[in-house]
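Given next are the chains, with one letter for each unit.
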Amino acid sequence: MKEGQITLRDRIHIVTRRWASDSPRARVVIVHGLCDHSGRWAHVAEFFAERGFETHAYDLRGHGLSGGARLDIEHFHQHVDDLAEVVAHVHDGELPLVIYGHSMGGLIAAAYAQSSHPQPDVYVLSAPSLEATVPAPLRAAVNLLARFAPDMRVRASIKGEHLSKNPEVGEAYFADPRVYLKGTARGGHSFLSAMEGIRRKLDEIDRPTLVVHGGEDILVPTAVSAPLAAAPNVTRKVFPTLRHEIHNEDERTEVLEYVYDWLDQQIEETVAR
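Residues numbered from 1 in each chain as written. Predicted model: local features only at pLDDT ≥ 70, side-chain atom pairs only at ≥ 80, totals over all residues. Heavy atoms only, no water.

A. Up close: the overall build of the protein chain. Across its full length, the protein chain holds 8 helices and 10 strands. Here the C-alpha radius of gyration of the protein chain, 17 Å, is about what a compact globule of 273 residues would show, namely 19 Å. On the principal axes, the C-alpha backbone points of the protein chain span a range of 55 × 40 × 40 Å. In the protein chain, which comprises 273 residues, the share counted as buried stands at 53%. Total accessible area computed for the protein chain in this model is approximately 12000 Å², and 51% of it derives from carbon and sulfur atoms. Measuring between centres, the 29 positive side-chain charges of the protein chain sit 6 Å from its 38 negative side-chain charges. (Helix = DSSP H or I, 4+ residues; strand = E, 2+ residues; numbered from the N terminus. Rg over C-alpha atoms; globule rule 2.2 N^0.38 Å. Buried < 20%, exposed > 50% of the residue type's maximum accessible area, 1.4 Å probe, protein only. Areas by Shrake-Rupley, 256 points an atom, 1.4 Å probe, with all protein chains shown as cover. Lys, Arg positive; Asp, Glu negative; His and termini not counted. Charge placed at Lys NZ, Arg CZ, Asp CG, Glu CD.)

B. Structural context of the pairing of strand β4 (residues 53-58). Within β4, 6 of the 6 residues are buried, leaving the element largely enclosed by the surrounding structure. Taking every second residue as pointing to the same face, both faces of β4 are buried, with Phe53, Thr55 and Ala57 on one and Glu54, His56 and Tyr58 on the other. Two strands pair when backbone bridges link them, and strand β2 (residues 13-19) and β4 are joined in this way by 4 bridges, in the antiparallel orientation. Within the sheet, the bridge partner assigned to arginine 18 lies in β4 and is histidine 56. When strand β3 (residues 26-31) meets β4, the two strands line up parallel, connected through 6 bridges. For valine 31, the partnering residue across the bridge sits in β4 and is tyrosine 58. (Pairing = 2+ DSSP bridges.)

C. Quick peek at the side chain of histidine 162. With respect to the helices, strands and loops of the structure, histidine 162 is situated in helix α5 (residues 160-163). Apart from the residues within four sequence positions on either side, histidine 162 is in contact with Ser157, Ile218, Leu219, Arg243 and His244. (Contact = heavy atoms within 4.5 Å.)

Below, the structure is given as structure tokens:
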């Protein structure tokens, strides 16, 4: 793995990671979720790099080792524009490109698919947070805070058992100094506000897309990704007994093999065209 850095249009520095492959057939860009960082995706990146997929990941602005105020963003589409800059930095057009987004990263990827930015050949959306199970009073409170106290910080209500059935995953998560859990009201509002508009335009995703989701996901309930199954070019797979981070369950090899087999077929078809 090789670390690098990109300076974004607004002078924010973001940390990038690259896992090379001896004979790459495609490139993958991983987009992690809220309160996460790309270092927690090393085992996923290594899995794909070993199979001919040069893999890139980056810490979102305000996350991990990247610059920017912690978990604070004014407009959600800043994340989408950041992804466009990462894609431009790592992709030379010679190999097929995959964007692989998890949770909030899946929402970013879905918004990117609806944008005018140069598109990849394939998408993978893992537990995409197209909707939040936030009670109406709490949502109203977030809206008010975003207006009158935008810098107020609220701790994410994530528990270790939400992430994986394996308690070691949650223990490692909360012990990780690069995991930040307190976001601003402004950032939360931008995240929640983006969801409805993205959900309305799911049929604009015109690239082959794989959606994978855990059937016991509490953070992003499985039903949230169900509308994607009706969208053109989308294949959806639910793993019934898995939770939010299906790539961190004991059954992760089964999950990653499924994703790889699907990607392998899509890349073959892309190259043949």
